[in-house]
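Each chain is listed here by its residues.
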Amino acid sequence: MEMTMRWYGSEFDTVTLKQIRQIRYVTGIITTLYDKQPGEVWSREEIRALKEEVEASGLHISGIESVNIHDDIKTGKGNRDLYIDNYIETLRNLGEEDIHMVCYNFMPVFDWTRTELARVRPDGSTVLAYTQEAVDRLVPEKMFESISGEMNGTVMPGWEPERMAHVKELFEMYSDIDEEKLFGNLKYFLERIMPVCNEYDIRMAIHPDDPAWSVFGLPRIITNKENIQRMMHMVDDAHNGITFCSGSYGTNLNNDLPDMIRSLKGRIHFAHVRNLKFNSEDDFEEATHLSADGNFDMYEIVKALYDIGFEGPIRPDHGRMIWDEVAMPGYGLYDRALGAAYICGLWEAIEKSER
Ligand SMILES: [Mn+2]
């Protein structure tokens, strides 16, 4: 594995490449062209400029999170083919620039969903949290308003104000889309992009739905082992793989995370490792990475990745906000650096005990 950190670009991130380099555990950067809208082509020049900036800091790009998918592709409507053509061109340009891993998601309307971005824990740190009760109380169109006040002046991925201004229309677009149709549209998209992925060895890594169940009546398909197996079999190519995000699959306590990892050998191209603490079945908060602080056995998760011979990038996922840092919720420097150190410590211990 390679330890990496997500970085949103110097224009958008409060964390600098210089700071990330000094974590030392981290050698790779997961990044994106953050101001690109879904459906837009990423030019080679833009990709190269980003790459050069990262490399000038002594790091390198280990993958892209994300190249977002236009809603016409997810719904199979309107200009789907045009947007897939654009996506293919972006993949080709990434391949030409020697970038071989792309994370994306196929979630309708909302990317990840949380109901609080700054829940205060007993130690005074703040974390992202979710309660089903709060979601059930909300009108979907007000979702953005309800959380935007806690974004610390940052733009959060998947919650871009431009997109959220059209939430009502987006819901209408998805009104006749059920799980079967969404699976069909994902298959259509994957079949069209696989040739370019094979040509340039680009590993596509779909991010699970977060939380791993339907919210606001919208269909969600990347939620459990059975559905991922279905997705991988329907387009049976090693380049069609997944991002194993413990914090997203883990929202459903029925998901056995180490077992899922073992069953996906060869198809996990990227891993997000993080812990969650459940206060009840539908009230959870993002804990520290430490096993003892949450519900997951982080040793077993990292061990499963080690056992399947995982060689891709891992990143610590959302961290708490600690030490008075002001940053994009979940994406401060300090707690993610602690997370990276913790995961690397587990990895070293496993590696040495297996020798
Ligand atoms: Mn994730």
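Data block above holds the structure.
Peer 1: Give me the lowdown on the overall build of the chain, citing residues and values where you can.
Peer 2: Summing up its helical and strand segments, the chain has 14 helices and 12 strands in all. Along the longest, intermediate and shortest principal axes, the C-alpha atoms of the chain span 50 × 45 × 40 Å. Across the 355 residues in the chain, those meeting the buried criterion constitute 44%. Residue pairs in contact within the chain that sit at least 24 positions apart in sequence constitute 74% of those at least 6 positions apart.

Peer 1: Outline the sheet that holds strand S4 (residues 101–105), listing residues and values.
Peer 2: The strand order around the closed barrel formed by eight strands is S1-S2-S3-S4-S7-S8-S9-S12, and the pairing between neighbours is parallel. The sheet shows a mean angle of 30° between the axes of neighbouring strands, direction not considered. Pairing of strand S3 (residues 60–65) with S4, which is carried by two bridges, proceeds in the parallel orientation. Counted as the bridge partner of Ile-64 is Val-102 from S4.

Peer 1: A description of helix H4 (residues 80–96) should follow, citing residues and the corresponding values.
Peer 2: Given 3.6 residues per turn, any residue in an α-helix points the same way as the ones three and four places further on. Here H4 contains 17 residues, and its C-alpha end-to-end distance of 24 Å stays within 8% of the 24 Å for a straight helix at 1.5 Å per residue. If you check which residues of H4 are buried, you get Tyr-83, Ile-84, Tyr-87, Thr-90, Leu-91 and Leu-94. All buried residues of H4 fall inside an arc of 115° around its axis, so they share one side. Relative to its buried face, H4 has exposed residues pointing more than 90 degrees away, namely Asp-81 and Glu-96.

Peer 1: Mind laying out the packing of H4 against helix H9 (residues 179–200), listing which residues take part and the relevant values?
Peer 2: With their axes 10 Å apart at the nearest point, H4 and H9 run at an angle of 15° to one another. Between H4 and H9, the crossing angle belongs to the class labelled roughly parallel. Where H4 crosses over H9, the two elements pack in a sense that is right-handed. Facing Ile-84, Tyr-87, Ile-88, Leu-91, Arg-92 and Gly-95 of H4, the residues of H9 in contact are Phe-189, Arg-192, Ile-193, Val-196, Cys-197 and Tyr-200. Residues that form the contact of H4 with H9 fall into these classes: nine nonpolar, one polar and two charged.

Peer 1: For the environment of Trp-347, give the residues involved together with the corresponding values.
Peer 2: If you trace the backbone, Trp-347 turns up in helix H14 (residues 334–354). Leaving out residues up to four positions away in the same chain, Trp-347 has contacts with Met-1, Val-302 and Tyr-306.

Peer 1: Account for the sheet that holds strand S10 (residues 276–280), naming residues and giving values.
Peer 2: Taken in spatial order, the four strands line up as S5-S6-S11-S10 in an open sheet, and their pairing is antiparallel. For this open sheet the edge positions go to strand S5 (116–120) and S10, each flanked by a neighbour on one side alone. Between one strand axis and the next, the sheet turns by 40° as a mean value, whatever way the strands run. Relative to strand S6 (residues 126–131), S5 runs antiparallel, the two sharing three bridges. For Arg-119, the partnering residue across the bridge sits in S6 and is Val-127.

Peer 1: Quick rundown of the pairing of S4? Include the residues and the values.
Peer 2: For S4, a buried count of five out of five residues is recorded, marking the element as mostly surrounded by other parts of the structure. Side chains Met-101, Cys-103 and Asn-105 of S4 all project onto a buried face; the interleaved residues Val-102 and Tyr-104 project onto the opposite face, where all are buried too.

Peer 1: Explain the nonpolar core residue by residue, including any values.
Peer 2: With 88 residues, the main nonpolar core has Val-102, Ile-261 and Ile-301 as its most contacted residues. No other element matches H9, which puts six residues into this core. Ile-261 has contacts with Phe-244, Ile-268, Ile-301, Ala-304, Leu-305 and Ile-308, leaving out every residue within four places of it along the chain.

Peer 1: Any details on unusual backbone geometry? Residues and values, ideally.
Peer 2: Glycine aside, negative phi is the norm for most residues, and most peptide bonds take the trans geometry. Residue Ser-66 is reached from Glu-65 by a cis peptide bond, and omega for that bond is 0°. If you trace the backbone, Ser-66 turns up in the loop between S3 and helix H3 (71–75). Geometrically, the link from Asp-210 to Pro-211 is a cis peptide bond, its omega value of 0° lying close to zero. As for its position among the elements, Pro-211 is in the loop between strand S7 (203–207) and helix H10 (225–234). Even without being glycine, Asp-201 reaches a positive phi, approximately 55°. A residue is classified by how many C-beta atoms lie within 10 Å of it, and Asp-201, with 12 of them, is exposed. In this structure, Trp-323 takes a positive phi of about 55° despite not being glycine.

What counts and what doesn't
- Residues numbered from 1 in each chain as written.
- Predicted model: local features only at pLDDT ≥ 70, side-chain atom pairs only at ≥ 80, totals over all residues.
- Helix = DSSP H or I, 4+ residues; strand = E, 2+ residues; numbered from the N terminus.
- Buried ≥ 20, exposed ≤ 12 C-beta atoms within 10 Å, placed from the backbone.
- Contact = placed C-beta atoms within 7 Å.
- Pairing = 2+ DSSP bridges.
- Axes fitted to C-alpha atoms, helices over the stretch in contact; angles between N-to-C directions.
- Expected span 1.5 Å × (residues − 1).
- Arc of directions from axis to C-beta.
- Parallel < 35°, antiparallel > 145°, perpendicular 65-115°, else oblique.
- Left-handed = near helix turned anticlockwise from the far one by under 90°.
- Nonpolar A, V, L, I, M, F, W, Y, C, P; charged D, E, K, R; others polar.
- Core = buried A, V, L, I, M, F, W, Y, C linked by C-beta atoms within 7 Å.

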